[in-house]
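# Fold and geometry: a report
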Amino acid sequence: MRADTDGRHRAAAKNLSFFGAPQVALLFMPSFGDDVRVGGDIGMYGQTFLLSLAARGLGGIPQTMLGFFAGTVREVLDIPKNHKMLFGISFGYPDEEAPGNRMRMDRVPVSESVTFHE
C-alpha cells in the first residue's frame, strides 16, 4: 500500500540489493535512430533471457528501478554515454519460501488485453 512508507522503503532496499540474487545482467542500448526498434529488440531479448532462466530452474526479476542509477553504473563499468540502460535482470536460484515468490498474480483474459483484427 502507498501509505505503508516503511514497507515501501524495505521493498526499495531489496530492489537495490538485487533481491539477494547472486547475479545481475544490465541491459543497455545504443542510441540509434528513433530508439524504439532498439528498445523493442532489447525488451524481446530480456524476455527470452528470462524464459531461458526458467527453463533451467533459475529465476529472474526484471528491475527498471536500476535505471535511476544508470549514470553511476555507466561510470563504474566504463559504458559509453550514448548507451542507455533500460533495465537489469537479477537472477539465480529462487528461494521458494520467500513471501514474494509465493505470490501469484491474476491475469486478465487475452480478449481483455488484445484487440484482434480479421
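Structure: see above.
Below is a short write-up of the structure. Nothing here was measured: the structure is a model prediction, and the numbers come from that model. (Residues numbered from 1 in each chain as written. Predicted model: local features only at pLDDT ≥ 70, side-chain atom pairs only at ≥ 80, totals over all residues. Heavy atoms only, no water.)

## Describing the packing of aromatic side chains
Two measures describe an aromatic ring pair: the distance that separates the ring centres and the angle between the ring planes. Within the structure shown, the criterion is met by two aromatic pairs. Geometrically, the ring pair formed by Phe-49 and Phe-91 is edge-to-face, given 5.3 Å between the ring centres and 90 degrees between the ring planes. With Phe-49 in helix H2 (residues 36-55) and Phe-91 in strand S3 (residues 83-92), the pair connects residues that are 42 residues apart, well separated along the chain. Overall, the relative accessible area of 17% leaves Phe-91 in the buried class. (Phe/Tyr/Trp six-rings, centres within 6.5 Å; stacked < 30°, edge-to-face > 60°. Helix = DSSP H or I, 4+ residues; strand = E, 2+ residues; numbered from the N terminus. Buried < 20%, exposed > 50% of the residue type's maximum accessible area, 1.4 Å probe, protein only.)

## Describing the nonpolar core
Membership of the largest hydrophobic core is limited to 10 residues, which are Leu-27, Met-29, Val-38, Ile-42, Phe-49, Leu-50, Leu-53, Phe-87, Ile-89 and Phe-91. Listed by contribution, the elements that provide at least two residues to this core are strand S1 (23-30), H2 and S3. Of all the elements, H2 adds the most residues to this core, at five residues. With five residues, the next largest nonpolar core counts Leu-66, Ala-70, Val-73 and Met-85 among its residues. (Core = buried A, V, L, I, M, F, W, Y, C linked by side-chain atoms within 4.5 Å.)

## Topic: unusual backbone geometry
A positive phi angle, close to 60 degrees, is found at Phe-18, a residue other than glycine. As for its position among the elements, Phe-18 is in the loop between helix H1 (5-16) and S1. Note on Phe-18: relative accessible area 28%, which makes it partly exposed. If you check the backbone angles, Asp-78 has positive phi at about 55 degrees while not being a glycine. Within the fold, Asp-78 resides in the loop between helix H3 (70-77) and S3.

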